[in-house]
Amino acid sequence: VVNVENPQMGSIELYRSLVGKVEPSDVVYIYPKAAGEITDVFVKAGDMVQEGQPICKIDTKQVEAARLQMESAQQAMNDANTNLGRQQALFAAGDIASVAFEQAQTQAKNAQIAYDSAKLNYDYQVEFANVTAPISGKVETCNIEVHDNVASQVLLAVISGAGSKSITFSVPEKVVTELHVGDPISVDKNGTDYQGTINEVSSMIDDSTGLFKVKASVENGDALPTGSTTKLSVISDRADNVLTIPVDAVYYSGGDAYVYTYDNGTVHYVPVEVGLYDSQKAQILSGINASDEVITTWSSELYEGSQVQKADPNAAADTQAADAS
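In this text, all values refer to a predicted model and were calculated from it rather than measured experimentally.

A. Up close: the overall build of the protein. A tally of regular secondary structure across the protein gives four helices and 21 strands. Computed over C-alpha atoms, the radius of gyration of the protein comes to 38 Å, more than 25% over the 20 Å expected from 2.2 N^0.38 for 325 residues, which places it beyond the range of a compact globule. For the protein, buried positions account for 34% of its 325 residues. Accessible area of the protein: about 18,900 Å², with a carbon and sulfur share of 48%. The protein carries 20 positive and 44 negative side-chain charges, and their two centres are separated by 12 Å.

B. Seen up close, the sheet that holds strand β10 (residues 157-161). Reading across from one edge, β3-β10-β8-β5 is the order of the four strands in this open sheet, with antiparallel pairing throughout. Looking at strand neighbours, the two that pair on one side only are β3 (27-30) and β5 (48-49), the edges of this open sheet. Bridge count for β3 against β10 is four bridges, and the pairing is antiparallel. Within β10, the residue paired with Val 28 across the bridge is Ile 159.

C. Examining the pairing of strand β6 (residues 54-59) more closely. For strand β4 (residues 36-41) and β6, the ladder comprises four bridges, and the chain directions are antiparallel. Bridge pairing in β6 places Val 41 opposite Cys 56. Bridge count for β6 against strand β7 (residues 130-132) is three bridges, and the pairing is antiparallel. From the neighbouring strand, Lys 57 faces β7, where its bridge partner is Asn 130.

D. Up close: a nonpolar patch on the surface. On the surface, Val 27, Tyr 29, Tyr 31 and Leu 155 cluster together into a nonpolar patch covering about 370 Å² of accessible area. By secondary structure assignment, the location of Leu 155 is in the loop between β9 (149-150) and β10.

E. Spotlight on the packing of aromatic side chains. Applying the stated criterion across every chain, the model contains eight aromatic pairs. With a centroid separation of 5.8 Å and 40° between ring planes, the pair formed by Tyr 251 and Tyr 258 is classed as tilted. On the basis of relative accessibility, which here comes to 13%, the residue Tyr 251 falls in the buried class. Relative to Tyr 260, the ring of Tyr 258 has its centre 5.6 Å away and its plane inclined at 80°; by these criteria the two rings are edge-to-face. Neither Tyr 258 nor Tyr 260 differs from the other in exposure class; each is buried. By way of ring pairs, the aromatic residues Tyr 251, Tyr 258, Tyr 260, Tyr 269 and Trp 298 are connected into one cluster.

F. Up close: the nonpolar core. Formed by 19 residues in total, the largest nonpolar core has its most connected members in Ile 167, Phe 169, Val 171, Leu 179, Val 187, Leu 232 and Val 234. Every element with two or more residues in this core is listed here: β2 (8-24), β11 (165-171), α3 (173-176), β12 (184-189), β13 (192-205), β14 (212-218) and β15 (229-246). Among the elements that line this core, the one with the most residues is β14, at four residues. Those residues in contact with Ile 167, other than ones at most four positions away along the chain, are Gly 20, Lys 21, Val 22, Val 187, Val 214, Lys 215, Ala 216, Val 218, Leu 224, Thr 230 and Leu 232. By size, the runner-up hydrophobic cluster in this structure holds 16 residues, among which are Ile 38, Ile 58, Ile 144 and Val 150.

G. Local environment of the environment of Ala 108. With respect to the helices and strands, Ala 108 occurs in helix α2 (residues 98-129). Placed 167 residues apart in sequence, Ala 108 and Gly 275 show a C-alpha to C-alpha distance of 84 Å. Apart from residues no more than four positions distant in its own chain, Ala 108 is found in contact with Ala 80, Asn 81 and Leu 84.

H. A look at the state of the cysteines. If you walk through the whole model with that rule in mind, you get zero disulfides. Cysteine Cys 56 remains unbridged, with the sulfur of Cys 142 as its closest cysteine sulfur at 7.0 Å. Residue classification places Cys 56 among the buried residues on the basis of a relative accessible area of 1%. Residue Cys 142 is classed as buried on the basis of its relative accessible area, which comes to 12%.

I. Highlighting α2. When the terminal C-alpha atoms of α2 are compared, their 47 Å separation across 32 residues agrees well with the 46 Å that a helix rising 1.5 Å per residue should span. All buried positions along α2 are accounted for by Phe 101, Ala 104, Ala 108, Ala 111, Tyr 115, Ala 118, Gln 125, Phe 128 and Ala 129. Looking at the buried residues of α2, the elements they touch are β6, α1 (63-93) and β7.

About the cut-offs
Within each chain, residues carry numbers counting from 1 in the order of the written sequence. In keeping with the predicted nature of the model, local features appear solely for residues at pLDDT of at least 70, side-chain atom pairs appear and are counted solely at 80 or more, and the whole-chain, interface and lining totals rest on all residues. In computing side-chain values, all of the structure's heavy atoms are included and hydrogens and water are not. Here a helix means four or more residues in a row that DSSP labels H or I, a strand means two or more in a row labelled E, and each is numbered from the N terminus. As a reference, a globule follows 2.2 Å times the number of residues to the power 0.38, and the radius of gyration itself is taken over C-alpha atoms. Buried residues are those whose accessible area, probed at 1.4 Å on protein chains only, stays under 20% of the maximum for their type, while exposed residues exceed 50% and partly exposed ones sit between those limits. Values of accessible area rely on a 1.4 Å probe in the Shrake-Rupley scheme; residue burial ignores everything except the protein chains shown. In this tally Asp and Glu are treated as negative and Lys and Arg as positive; neither His nor the chain ends contributes. A charge is said to be at NZ when it belongs to Lys, at CZ for Arg, at CG for Asp and at CD for Glu. Only strands joined by at least two bridges in the DSSP assignment are considered to pair. Residues forming no salt bridge and having over 30% relative accessible area are the ones grouped into patches, like charges within 9 Å of each other and nonpolar side chains (Val, Leu, Ile, Met, Phe, Trp, Tyr) within 5 Å. Throughout this description, the term salt bridge denotes a Lys or Arg side-chain nitrogen within 4 Å of a carboxyl oxygen of Asp or Glu. Whether two aromatic rings pair depends on their centres lying within 6.5 Å, for rings of Phe, Tyr and Trp, where Trp uses its six-membered ring; planes under 30 degrees apart make the pair stacked, over 60 edge-to-face, and the rest tilted. We define a nonpolar core as any set of buried Ala, Val, Leu, Ile, Met, Phe, Trp, Tyr and Cys residues linked to one another through side-chain atoms lying within 4.5 Å. For this analysis, residues touch if any pair of their heavy atoms sits within 4.5 Å. The criterion for a disulfide is a pair of cysteine sulfur atoms lying within 2.5 Å. The span you would expect from a helix comes to 1.5 Å times its residue count less one.

What follows is the structure, encoded as structure tokens:
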């Protein structure tokens, strides 16, 4: 007595386990725009900050000089405007020539330009001296202290944006062809599963690894520590809408695959071509079709032409019900 089953149309997906790195969806690295001495530090690692919130203050030795230059330019502009007002009144009365009036206008305009330039420089120096958070989020690192001397290449702080985390990982060329934006991934960290979605697949090989870089977003991943590594699985190969049978129904001889089919009580030995397969199903490329009845139970009595009886599925169902009762 044998069990039989018709091939079914279905999909097979193969997964590959990888290691990824946890990163925030948004991350900024803050460097000083001018060298100087740290006079104040307003945050520490682990603090939550809002966009525009002060991070630290740097004495660049330029703010005071820029302020004095701006005030000098402002005074010169005021004097030029006062002179222009007097010259305009004299010109209207016909007491001075137009050339003198035009010279006063030019001086006032040049004084205005000089003041605008000095004020812009002062604003820049104030901005350089007062470092603020460019985004809202969590201060991941802040390794500066008061009286430290910093230069433009010194990292002041790292801020990760609030919200979902992302996972960055690398895959070989064979796998990257099967990955697409929108594909799901499964992330395992300390026994907790997280679900994510691929949102970026690089089309260029990374010179340092020889692999393709892939980035995926993970929802509700706030508990994932930034910078940590985690296990994940992605679809490495797939076959959609293909003919499948139970993988246990496929046998091999000398590397060649075959199945046994049932035909009115007679067993037939049928060579088949197998495509993808997982722990449950195997893709059949050729050899059988959807109308064939494939024998899914093994017996040493199976061979070409042997006589068998097809199991009654109703009897099996009745036996299961009796066992359950």
